[in-house]
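Reading the structure
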Amino acid sequence: MRILLAALLALAPTAAHAQNLTESTAAVRDRALADRTAWEVLESLTTEIGARPTGSPAMTRARDWGVAKLQALGFSNVHVEEFPAEAWVRGPESAEITTPYPQKLAILGLGRSASTPKGGLEGEVALFTTFEQLTAQPPGSLKGKIVVLSQPMPRTQDASSYGALSRNRVQGTAEAARRGAAAFLVRSISTDDTRLPHTGSTRQAEGPAPIPAAALSPPDAELIERMVARGSPVRIRLNLASQSLAKVPAWNVVGEMVGSERPDEVIVVGGHLDSWDAGTGAVDDGAGVAVTTAAAKLAGQRGARRTIRVVMWGAEELDDSGEAYAAAHKDEVGKMVVVSESDAGSGRIWSVRLPKGSAGHPSVQAFVQAVAPLKVIVSREPAKGAGSDVAGLVAAGAPAVGFSQDTSRYFDLHHSADDTLDKVDPADLAQMTAVWASFLHAAANSDVDFRALAAAAP
Ligand SMILES: [Zn+2]
């Protein structure tokens, strides 16, 4: 009897704590659903800064905006971490079909594109539908050609079509150059049917000289397909000017809600502050910056046991900020409780990939219960990564949590001139914020050890 009583006494605080955490997590969720911070941050960023490519004057203003915003929202230890990054600056661009039926084309140069020679370049189209069809061509066989890769992108909720097709843009330039092509045009990795092309980064081949590379709007890619189908050679004239800058200063902007009991145990979340130049970076990735900032504030402002850190990464689109952050914080990774980046637009979260082996933990259950009414399910797959800016931390051993958003509409907007604030639904932003805030609250107010859970998992 005495043993049973002692056992009950030992258990009681844990059960009571779990109950409290479930209730307080639901309360944070409800506060987040009614909170306007994420919307106000996004409205401020897109109105007062707008497009902010790494290396641009706007990015310098965005850095100062980030510092001021984090301070105004009550974050501590607000500071800037500088690192060298690559930049690519767009110049004048035009393209037209010269024969057989002269027509103008809607294009947008890709990040790392080379410029065309003065006066432009003209070449015959070599059309491919798939990446494999292009890579099946022997070396040198496309000498002087303008390669057009025209595969269309299906709409998916889980972004799997972007996963499958983004290499058309990222790797197509190098594959075309290796075969002697003079230039590369890719159908925009887009689910939309407007005449706005979608840019993005590409990679140049090592060895052959860099070549001009641009995205075609979806209707223009189809126009070229129809002309090629008629059988006679199709020729395109291209004029692209740009500047590649090897190293410019870039910045990760950081703020913390410092933990009251275990300040050195840190949860690292954020979005990327840089954007492409065509739109105003509302869905990519102003939304991620806004949601994680608001969620950290909501979860931390009434005191959390662990520290919640927000990072506004400063050079995601050309791949530099995650590497810089991981290098600067490699000695701290062992103290990182869990890390995640929000970088998939402003659609609602519908699934969460938990750190491996953690689903049964009381704090994780407090989170799962809080977000079930928001139509969030738990994936059977544990989180592997959680955004390119935390990939270096995850590779160094930091546990990751991933929130899957509905991307059905994201790729209508992503990297295009249509990435603007009016496309964001404040109710969707509030749902995202509620999911993030619930997770941050539950993880920051427990002693859940995701590394130990993962190690113990089968
Ligand atoms: Zn992004």
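The structure this text deals with has already been given above.
Along every chain, residues carry numbers that run from 1 in the direction the sequence is written. Since the coordinates come from a predicted model, pLDDT governs what is reported: local features require at least 70, and pairs of side-chain atoms require 80 or more to be given and counted, while whole-chain, interface and lining totals use all residues. The side-chain figures draw on all heavy atoms in the structure; neither hydrogens nor water molecules are used.

The next thing to look at is the nonpolar core. The nonpolar side chains of a soluble globular protein tend to be buried with one another. By nonpolar core we mean a set of buried residues, namely Ala, Val, Leu, Ile, Met, Phe, Trp, Tyr and Cys, connected to one another through side-chain atoms within 4.5 Å. Burial status follows relative accessibility: with a 1.4 Å probe on protein chains alone, a residue under 20% of its type maximum counts as buried, one over 50% as exposed, and anything between as partly exposed. Residues Phe184, Phe367, Phe403 and Leu429 are the most contacted members of the largest nonpolar core, which totals 91 residues. In this structure, Phe184 is in contact with Leu134, Val147, Leu149, Asn168, Arg169, Gly172, Thr173, Ala176, Ile211, Pro212, Ala213 and Ala214, ignoring residues within four places of it in sequence. By size, the runner-up hydrophobic cluster in this structure holds 20 residues, among which are Val125, Ile146, Ala214 and Leu238. Note on contacts: a residue pair is in contact if any heavy atoms of the two residues lie within 4.5 Å.

Turning next to the coordination of the zinc ion. Metal donors were taken as nitrogen, oxygen and sulfur atoms no farther than 2.8 Å from the ion, or 3.2 Å where the ion is Na, K or Ca. Water is excluded, so coordination may look unfinished. Within the protein, the atoms that donate to the zinc ion are His272 (NE2), Asp284 (OD), Asp343 (OD) and Asp343 (OD), at distances of 2.0 to 2.7 Å. Note on geometry labels: four donors, all angles 85 to 135 degrees, give tetrahedral; four donors become square planar and six octahedral when opposite donors are over 155 degrees apart and every other angle is between 65 and 115; remaining cases are irregular. Coordination at the zinc ion is irregular: its four donor atoms span angles of 51 to 146° at the metal. Considered as a linear motif, the donors of the zinc ion on their single chain read H-x11-D-x58-D. Residue His272 is located in strand S9 (residues 262-272), and its partner Asp343 is located in the loop between strand S11 (336-341) and strand S12 (349-353); the two are separated by 71 residues in the primary sequence. Relative accessible area serves as the criterion here: at 0%, His272 is assigned to the buried category. Of the residues examined, Asp343 reaches a relative accessible area of 22% and is grouped as partly exposed. Runs of E in the DSSP output that reach at least two residues are strands. Runs of H or I that reach at least four are helices, and both are numbered from the N terminus.

Let us now look at the packing of aromatic side chains. Pairing of aromatic side chains here covers Phe, Tyr and the six-membered ring of Trp, requires ring centres within 6.5 Å, and sorts the geometry by plane angle: under 30 degrees stacked, over 60 edge-to-face, intermediate tilted. Per the counting criterion, the structure on display carries eight aromatic pairs. Between Phe403 and Phe439 the ring centres are 5.7 Å apart and the planes differ by 75°, which places this aromatic pair in the edge-to-face class. With Phe403 in strand S14 (residues 402-405) and Phe439 in helix H12 (residues 426-444), this pair connects stretches of sequence that are 36 residues apart. Taking the relative accessible area as the measure of exposure, Phe439 reaches 3% and is therefore buried. Ring geometry for Phe439 and Phe450: centres 6.4 Å apart, planes at 15°, overall stacked. Of this pair, Phe439 sits in helix H12 while Phe450 sits in helix H13 (residues 450-456); the two residues are eleven residues apart in sequence, bridging distant segments of the chain. The buried category is assigned to Phe450, whose relative accessible area is 3%. A connected cluster of aromatic rings, assembled from ring pairs, spans Phe367, Phe403, Trp436, Phe439 and Phe450. When the ring centre of Trp251 is taken as origin, the NZ or CZ atom of Arg63, which lies over that ring, is 4.5 Å away. Two thresholds decide whether a charge sits over a ring: the Lys NZ or Arg CZ must be within 6 Å of the ring centre and within 35 degrees of the ring normal.

The salt bridge definition used is simple: a Lys or Arg side-chain nitrogen within 4 Å of an Asp or Glu carboxyl oxygen. Applying the stated criterion across every chain, the model contains 24 salt bridges. A salt bridge links Arg90 to Asp277; the nearest nitrogen and oxygen atoms lie 2.6 Å apart. Of this pair, Arg90 sits in strand S1 (residues 76-99) while Asp277 sits in the loop between S9 and helix H7 (282-300); the two residues are 187 residues apart in sequence, bridging distant segments of the chain. In this structure Arg90 comes out as partly exposed when scored by relative accessible area, which is 21%.

This next bit is on the layout of surface pockets. Empty space among the atoms can be located by rolling a probe the size of a water molecule over them. A 1.4 Å probe that fits into a set of points on a 1 Å grid over the protein atoms alone but cannot get out defines a cavity; an open set with protein on both sides within 12 Å along at least five of seven lines defines a pocket, and lining residues are those with an atom within 4 Å of a point. Grid points are joined across faces, edges and corners, and a volume is the space filled by probe spheres set on the points. Its volume calculated, the largest pocket comes out at about 840 Å³. Tyr162, Asp343, Ala344, Gly387 and Ser388 are, among the 37 residues lining the largest pocket, the residues nearest its centre. Looking at the lining of the largest pocket, the elements that each hand over two or more residues are helix H5 (160-178), S11, S12, S14 and helix H11 (410-413). With five residues, H5 is the largest single contributor of residues to the lining of the largest pocket. Each residue gets one label: Ala, Val, Leu, Ile, Met, Phe, Trp, Tyr, Cys and Pro are nonpolar, Asp, Glu, Lys and Arg are charged, and the others, such as Gly, are polar. When its residues are assigned to classes, the lining of the largest pocket shows eleven nonpolar, 15 polar and eleven charged. Here the second largest pocket defines a volume of roughly 200 Å³. What lines the second largest pocket is a set of 15 residues, and nearest its centre among them are Ser346, Gly347, Asp406, Arg409 and Asp428. Each residue belonging to the lining of the second largest pocket can be placed in one class, and the counts come to four nonpolar, five polar and six charged.

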